[in-house]
Every structure is written in structure tokens, then in C-alpha cells.
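# Report on the structure
Take a look at the letters that make up each chain.
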Amino acid sequence: MEKDCLFCKIAHGEASTEFLYENERLVVFKDIKPHAPIHLLIVPKEHIRSINDLTEANRGIISEMIMIAKEMAKKMSVSESGYKLLFNVESGGGQAIFHLHLHLMGGWKR
Ligand code: 5GP
Ligand code: ZN
């Protein structure tokens, strides 16, 4: 856990953020400022700064994040209508919180 990292605090239950899903390795919660009717964040408990910092040892967590995103899309009833999965990478890529997270966005009217 990284000192002064907001998503470390949230992922370890130190902020009053409600989890839609949690296991030993990751948590899922709603984005506080949603860019879509459904906007979730899939966040590993381990502090990894960004996609740039992934190592071979992180293959498991990155694939689990995507599998959980697929399951959460189904749970939130956006599988059929469709959704976006997004990693922002570093400031130029729109990353503002430097703790790895996967955005799941969907639920727009067709
Ligand atoms: P980034 O731009 O780093 O890819 O995305 C960070 C996301 O985290 C943003 O969409 C922002 O709205 C969300 N966020 C920032 N602070 C909080 C917070 O305290 N709680 C929750 N639930 N989401 C947050
Ligand atoms: Zn962190």
C-alpha cells in the first residue's frame, strides 16, 4: 500500500466507498464523477502506477480485471447493449489517479 494514494486507501477499505464487488486481489466501485450512465472502476488492491509499470508477475491481475469487467457488465445489464473498457495511461493519456484502474462505461440510450 502506497502512502497518500487515494485508490490504495479505497481498495483497502479506508474510505467510505461502497464496493459492488470485492475479492482478495481487486475491488469494483462506482466512479464518483460518471462519464456514462454506468461507470465503474475495477481496481487492484496492489499498488501499480499504470499500464507502463506492469511486469510479467502482473499477468494474472490484468487478465482478472478484464474477466471481472465482463462479469460486472453482465451484472449491470449492459452486456447486450455494449460498453467501453478503458485504461488511461499517464497524464497525456488522461490518467489523474496514478494507481492502475480499468474504466467500465455503458448504459447509453441506443
Ligand atoms: P483516470 O482519469 O485517472 O483514468 O480516472 C480516475 C477516475 O477516478 C475519474 O473518473 C474520477 O472521477 C474517479 N475518482 C476520483 N476520485 C474518486 C473518489 O474519491 N471516489 C470514486 N469513487 N471515484 C473517484
Ligand atoms: Zn495505490
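Here goes a summary of the coordinates provided. Keep in mind that what you see is a predicted model, and the values were worked out from it rather than measured.

### Points about the coordination of the zinc ion (ligand 2)
The coordination sphere of the zinc ion (ligand 2), as far as protein atoms go, consists of Cys5 (SG), Cys8 (SG), His47 (ND1) and His99 (ND1), spread over 2.0 to 2.3 Å. Coordination geometry of the zinc ion (ligand 2): the four donor atoms subtend angles of 106 to 115° at the metal centre, consistent with an arrangement described as tetrahedral. The sequence motif formed by the donor residues of the zinc ion (ligand 2) is C-x2-C-x38-H-x51-H. There is no split in this pair, since Cys5 and Cys8 are both buried.

### Looking at the site of ligand 1
By nearness alone, 16 residues border ligand 1, and Asp31, Gly94, Ala96, His101 and His103 come closest of all. Between a nitrogen atom of ligand 1 and a main-chain N or O atom of Ile32, the distance comes to 3.2 Å. Between ligand 1 and Asn88 there is a distance of 2.9 Å, counted from an oxygen atom to a side-chain nitrogen or oxygen. Mapped onto the shell around ligand 1, the elements with two or more residues apiece are α1 (6-11) and β2 (26-30).

### Description of the sheet that holds β2
Taking strand neighbours across the sheet as the criterion, the five strands line up as β1-β2-β3-β5-β4 in an open arrangement whose pairing is antiparallel. Unpaired on one side and paired on the other, β1 (21-22) and β4 (83-86) mark the two borders of the sheet. Bridge analysis of β1 against β2 gives two bridges, and the strand direction is antiparallel. Its bridge partner lying in β2, Tyr21 is registered against Val28.

### Some thoughts on the pairing of strand β5 (residues 102-106)
Counted residue by residue, β5 has five buried out of five residues, so it is predominantly covered. Pairing between strand β3 (residues 38-44) and β5: five bridges, direction antiparallel. Bridge pairing in β5 links Leu41 to His103.

### Considerations on the pairing of β3
Taking burial as the measure, the seven residues of β3 include seven buried ones, the bulk of the element. With burial as the criterion, each face of β3 is covered, one bearing Ile38, Leu40, Ile42 and Pro44 and the other bearing His39, Leu41 and Val43. Strand direction decides the pairing type here: β2 and β3, joined by five bridges, are antiparallel. From the neighbouring strand, Lys30 faces β3, where its bridge partner is Leu40.

### Some words on the pattern of salt bridges
In this structure the tally under the stated criterion is six salt bridges. Glu56 is the partner of Arg59 in a salt bridge, and the nearest nitrogen-oxygen pair spans 2.6 Å. With respect to class, Arg59 is no different from Glu56; both count as exposed. Each of Glu24, Arg25 and Glu64 takes part in one network of salt bridges that share partners.

Reading the values: the criteria
- Residues numbered from 1 in each chain as written.
- Chains lettered and ligands numbered in written order.
- Predicted model: local features only at pLDDT ≥ 70, side-chain atom pairs only at ≥ 80, totals over all residues.
- Heavy atoms only, no water.
- Donors = N, O, S within 2.8 Å, 3.2 Å for Na, K, Ca; no water.
- Tetrahedral: all angles 85-135°; square planar, octahedral: opposite > 155°, others 65-115°.
- Buried < 20%, exposed > 50% of the residue type's maximum accessible area, 1.4 Å probe, protein only.
- Near = heavy atom within 4 Å.
- Polar contact = N/O pair within 3.5 Å; in protein donor to acceptor, adjacent residues only side chain to side chain.
- Helix = DSSP H or I, 4+ residues; strand = E, 2+ residues; numbered from the N terminus.
- Pairing = 2+ DSSP bridges.
- Salt bridge = Lys/Arg side-chain N within 4 Å of Asp/Glu carboxyl O.

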